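# Survey of secondary and tertiary structure
As a plain string of letters, each chain reads:
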Amino acid sequence: MARRVVITGLGLICSLGNTTAEVWQALLAGKSGVDRITGFDASAFACQIAAEVKRFDPLQFIEKKEVKKMGRFIHFALAASEEAMKTSRLAITPENAERVGVHIGSGIGGFDVIEREHTALMQGGPRKISPFFIPATIINLAAGHVSMRYGAKGPNEATATACTTSAHSVGDSFRIIQHGDADVMIAGGTEAAITPMGVGGFAAMRALSTRNDDPARASRPWDKDRDGFVIGEGAGILIMEELEHARRRGAPILAEIVGYGMSSDAYHMTQPAPEHEGGFRVMRNALRDAGLEPSVVGYVNAHGTSTPIGDTLEAHAIRNLFGKKVPVSSTKSMTGHLLGGAGGLEAGVTVLALRDQILPPTVNLENQDPDTDGMDFVPNRARQATFQYAMSNSFGFGGTNGALLFRKWTE
């Protein structure tokens, strides 16, 4: 029999706050974290808005001499992991170090450092390139720094599957613990791609909203007037733990993860397959992994990016599997899209929704797309509910899909 896995700690950082409590309170209040870009001069860009992390000081978490050796995505991972470790009350000792692993991914990694060091190269030649350039940018160094900080000597991995990255990190960690290769995993994702090249690249694809004069209302999943996603940044880290291990040390249990699905569209670089049949299959696979029927699921935290095609097709996939009545919301309407960090953040949000029995809303839903008529997107206001199971969806470029299924914790 597979070992059971529970969530015992969370660390969430995004435009709504630098702690889990701040993020959750803002989500339930329906606040938007989207505003004009402040990190660089975006006046020449088609998109001038983003969901930036505000008032974040890496010196609160990292020694000054170390900060410049890391990209911003690593800063976020370390800060979110610190909160997750504290809330889990997890201590890594020489006795348990080999049974604790880290699996933290990023879709893009250190864009900020790449751009900075390219400027140094162009202006001063190769001798101006920092010796820390490579380790500050490569994706696995977020997991590497977290493992070094806490002395976690178990599995140490990093996933890079575009916007499904951290859903895969969480799901793969679930399997690692089930299989017995670790008792605890520090898992999730992190992203910091609000840079000139990051914003400019997505804008060149015409993927981003250009609602520059009304940023708080720019991310509007399933609204007929949506015009693209809003790029966000931050991290979502979960402490995942084998149930009996958690019980023995008296850990706080927030929820249980019971199913994980993966699939590929095998269709297009950026667009989902017709009717999002890959999304349908990944949700079905998560249910099959858990041995459950669709009717038990009481909430879906959707990928819901606010793109014209993706939103509609995901809604169709959800409707085809669960019917019209299951409540669905996209918290990206408030946080923006964290790309590789989205799945970790939204897995954490799904855990909190189960814990508190509250459905976070989809804000800015003023004129629901007729193609999704009859579906319940929890418009504009959080809602109390009674539900035992909730699913979190993530879909990425290249047609890579992940779905995580959580259960409300009860003894």
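For clarity, every value in this text was computed on a predicted model and none was experimentally measured. (Residues numbered from 1 in each chain as written. Predicted model: local features only at pLDDT ≥ 70, side-chain atom pairs only at ≥ 80, totals over all residues. Heavy atoms only, no water.)

Right, let's get into helix 8 (residues 196–204). Each full turn of the α-helix corresponds to 3.6 residues, which orients residues three or four apart in the same direction. Of all the positions in helix 8, only Gly198, Val199, Phe202 and Ala203 are classed as buried. Along the long axis of helix 8, the arc covered by the buried residues comes to 120 degrees, so they all point the same way. Turned more than 90 degrees away from the buried face of helix 8 sit Met197 and Ala204, all of them exposed. Each element contacted by the buried residues of helix 8 is listed here: helix 4 (111–124). (Buried < 20%, exposed > 50% of the residue type's maximum accessible area, 1.4 Å probe, protein only. Helix = DSSP H or I, 4+ residues; strand = E, 2+ residues; numbered from the N terminus. Arc of directions from axis to C-beta. Contact = heavy atoms within 4.5 Å.)

A word on the packing of helix 1 (residues 20–28) against helix 13 (residues 342–356). Between helix 1 and helix 13, the shortest axis-to-axis distance is 11 Å and the interhelical angle comes to 70 degrees. The pairing of helix 1 with helix 13 is recorded here as roughly perpendicular in orientation. Of the residues in helix 13, those touching helix 1 at Thr20, Val23, Trp24 and Leu27 are Leu345, Val349, Leu352, Ala353, Arg355 and Asp356. Among the residues forming the contact of helix 1 with helix 13, the class breakdown is 7 nonpolar, 1 polar and 2 charged. (Axes fitted to C-alpha atoms, helices over the stretch in contact; angles between N-to-C directions. Parallel < 35°, antiparallel > 145°, perpendicular 65-115°, else oblique. Nonpolar A, V, L, I, M, F, W, Y, C, P; charged D, E, K, R; others polar.)

On to the pairing of strand 8 (residues 255–264). The buried count for strand 8 comes to 8 of 10 residues, which makes it a mostly enclosed element. Pairing of strand 1 (residues 5–13) with strand 8 involves 3 bridges; the strand directions are antiparallel. Bridged to Val5 within strand 8 is Ile257. The sheet contact formed by strand 8 and strand 14 (residues 400–408) spans 9 bridges and is antiparallel. Across the sheet, the residue bridging to Tyr260 is Leu404, located in strand 14. (Pairing = 2+ DSSP bridges.)

Turning our eyes to something else, we now look at helix 1. All of the buried residues along helix 1 are Thr20, Val23, Trp24, Ala26 and Leu27. The buried side chains of helix 1 occupy one side of the element, clustering within an arc of 165 degrees when seen end-on. Opposite the buried face of helix 1, by more than 90 degrees, sit the exposed residues Ala21 and Gln25. On its buried face, helix 1 sits against strand 1, helix 3 (72–88), helix 12 (332–335), helix 13 and strand 11 (358–359). Once helix 1 finishes, Gly30 follows within two positions and takes phi at roughly 75 degrees, a positive value.

With that settled, the discussion passes to the sheet that holds strand 10 (residues 328–329). In any sheet, the strands associate via hydrogen bonds between backbone groups, in a parallel or an antiparallel arrangement. Spatial ordering of the open sheet is given by 5-4-6-7-1-8-14-13-9-10, a layout of 10 strands whose pairing is mixed. Each edge of the sheet is formed by a strand with only one pairing partner; in this case those strands are strand 5 (156–157) and strand 10.

Once that is clear, we can look at the packing of aromatic side chains. All chains considered together, the criterion is met by 7 aromatic pairs. Measuring from centroid to centroid gives 4.0 Å for Trp222 and Phe377, while their planes differ by 5 degrees, and the two rings are stacked. In this pair, Trp222 is assigned in the loop between helix 8 and strand 7 (234–242) and Phe377 in the loop between strand 11 and strand 12 (383–384), connecting sequence segments 155 residues apart. In this structure, Trp222 and Phe377 share a single accessibility class: buried. (Phe/Tyr/Trp six-rings, centres within 6.5 Å; stacked < 30°, edge-to-face > 60°.)

Right, let's get into the nonpolar core. Of all hydrophobic cores here, the largest spans 42 residues; its most connected members are Ile7, Met240, Ile257, Leu404 and Phe406. The set of elements that each furnish at least two residues to this core consists of strand 1, helix 1, helix 7 (165–179), strand 6 (184–191), strand 7, strand 8, helix 13 and strand 14. Considering every element that reaches this core, the biggest residue donor is helix 13, with 8 residues. Leaving out residues up to four positions away in the same chain, Phe406 has contacts with Ile7, Glu256, Ile257, Val258, Ala347, Thr350, Val351, Leu354, Gln388, Tyr389 and Ala390. In this structure, Phe73, Ala77, Ala84 and Ala235 belong to the second largest nonpolar core, which totals 34 residues. (Core = buried A, V, L, I, M, F, W, Y, C linked by side-chain atoms within 4.5 Å.)

Turning our attention to the pattern of salt bridges. Tallied over the full model, the rule gives 24 salt bridges. Arg217 is paired through a salt bridge with Asp214; the nearest N and O atoms lie 2.5 Å apart. For Arg217, a relative accessible area of 30% corresponds to the partly exposed category. One salt bridge connects Arg220 with Glu366, and the closest N-O pair in it is separated by 2.9 Å. Of the two residues, Arg220 is situated in the loop between helix 8 and strand 7 and Glu366 in the loop between strand 11 and strand 12; the sequence distance between them amounts to 146 residues. Overall, Arg220 belongs to the buried group, its relative accessible area being 1%. Salt bridges linked by common partners bring Asp214, Arg217, Arg220, Asp223 and Glu366 together as one network. (Salt bridge = Lys/Arg side-chain N within 4 Å of Asp/Glu carboxyl O.)

Locating His145 in the fold gives a position in helix 6 (residues 141–150). Look past the residues within four positions of His145 in its chain and what remains in contact with it is Met70, Ile74 and Leu78.

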